[in-house]
Amino acid sequence: TQNYPVLVVNPVGGDDANGDGSDRAPFKTITRALQVAQTAAVIQLMPGTYSEEMGEQFPLQLKPGIVLQGNPQTRGADILIRGSGLFISSTSARQQVTILGAKQAALVGVTVTNPHRQGYGLWIESTNPTVTDNTFTGNGHDGISVVGDSLTIIRNNYFYQNLANGITIYGVSRPELRENIFEQTGFAININQNATPVIIGNRITQNKDGIVVQAKARPILRNNSIEHNERDGLVAIAQARPDLGIA
C-alpha cells in the first residue's frame, strides 16, 4: 500500500463539508472518506470515536481494494468504531452490522463495537478482505461473521467480551484464522454448515466454550492453545469432522 493515495479522517478536527482528506484538511467521518475513496486507497483514521453521534452512517461498507487503517501497534486501542445499521444479507436475512467487508479490502488497527443486542462488528459475505491487528469487543452478537463462500485472512486480532461468539463461520467459507486471541466471550469460534476454515496458532481462553464445530463443518486445527474455558475446549456435534492432525 506504500504507493496508495491516503485520505485522513479525524473525528475531532475534521470537516466533511470543507475537508479534502489531506493532513491539513482531514474529513470528519469514515462515511465521507468512503464516498470519496477510489479503488486502492488508504483511509487513515486519527484517534477518537467514530459513531452515529459524530456523523457516521452505519453499516460502513468497505470498497474493493480500500484499506481502513488505524493503529495496528495497539490493535486500535484509541480508535473506536461504534455503531449499528441494517444490512439485508443474501444468505442470512436482516442483520445489524457495523462494518461490511469487500473484495481485497483490509481492516487494520481499529476497535469495533456494535452495541445492538443482535449486533455484528464485521460482516464478511462471499468476499475476501484481510482483517489484522484489530480489537472486537462489546458486540451484542459476534465480533465477526463469515458467511457464504468467503476466503479471508483474520490474523492477530483480539476478541474480548462479545456476547455470543468471537467469530461465526457459515456456508462453505474457508477463512484462515491465525494468531488471534479470544477471551471472555460465548463461543470463541463457532463453525457451522459446510465451512472448512484453517485455524492455526490462536489463544482461546476463559470463554464459555472454545471451538464449537457443527453440521458438516470440517475445520483444520493446528497449534492452538485452548484452556480454562468454562465448559468445553472443543465440541464436535452432528456430522462435524475437525481435523486435529491425528487419527
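Please refer to the structure higher up on the page.
Residues numbered from 1 in each chain as written. Predicted model: local features only at pLDDT ≥ 70, side-chain atom pairs only at ≥ 80, totals over all residues. Heavy atoms only, no water.

Novice: Tell me about the packing of aromatic side chains, and name the residues and values.
Specialist: If you walk through the whole model with that rule in mind, you get five aromatic pairs. When the centroid spacing of 5.0 Å and the interplanar angle of 90 degrees are considered together, the rings of Y120 and W123 count as edge-to-face. The residues Y120 and W123 share a single accessibility class, namely buried. An angle of 10 degrees between the planes, with centres 4.6 Å apart, marks the rings of F159 and F182 as stacked. Of this pair, F159 sits in strand β16 (residues 158–160) while F182 is found in strand β19 (residues 181–183), placing the two residues 23 residues apart along the sequence. Residue F159 shares its accessibility class with F182, and that shared class is buried. (Phe/Tyr/Trp six-rings, centres within 6.5 Å; stacked < 30°, edge-to-face > 60°. Buried < 20%, exposed > 50% of the residue type's maximum accessible area, 1.4 Å probe, protein only. Helix = DSSP H or I, 4+ residues; strand = E, 2+ residues; numbered from the N terminus.)

Novice: Give me the lowdown on the sheet that holds strand β5 (residues 66–69), citing residues and values where you can.
Specialist: An order of β1-β2-β5-β9-β12-β15-β18-β21-β24 is seen for the nine strands of this open sheet, with the pairing classed as parallel. In this open sheet, the two edge strands, each paired with only one partner strand, are β1 (6–9) and β24 (220–222). For this sheet, the mean inter-axis angle between neighbouring strands, taken without regard to orientation, is 10 degrees. (Pairing = 2+ DSSP bridges. Axes fitted to C-alpha atoms, helices over the stretch in contact; angles between N-to-C directions.)

Novice: Outline the pairing of strand β17 (residues 165–169), supporting the account with residue identities and numerical values.
Specialist: A large share of β17 lies buried, amounting to five of its five residues. Across four bridges, the pairing between strand β14 (residues 142–147) and β17 is parallel. When the bridges of β17 are listed, D142 appears paired with N165. Here β17 pairs with strand β20 (residues 187–191) via four bridges, running parallel. From the neighbouring strand, T168 faces β20, where its bridge partner is N190.

Novice: I'd like a rundown of the pairing of strand β7 (residues 85–89), residues and numbers included.
Specialist: Covered by surrounding structure in β7 are G85, F87 and S89 only, the residues L86 and I88 on the alternate face being uncovered. One ladder, built from five bridges, connects β7 with strand β8 (residues 93–100); its direction is antiparallel. Bridging across to β8, I88 finds its partner in R94. Hairpin connection of β7 to β8: three residues between the antiparallel strands.

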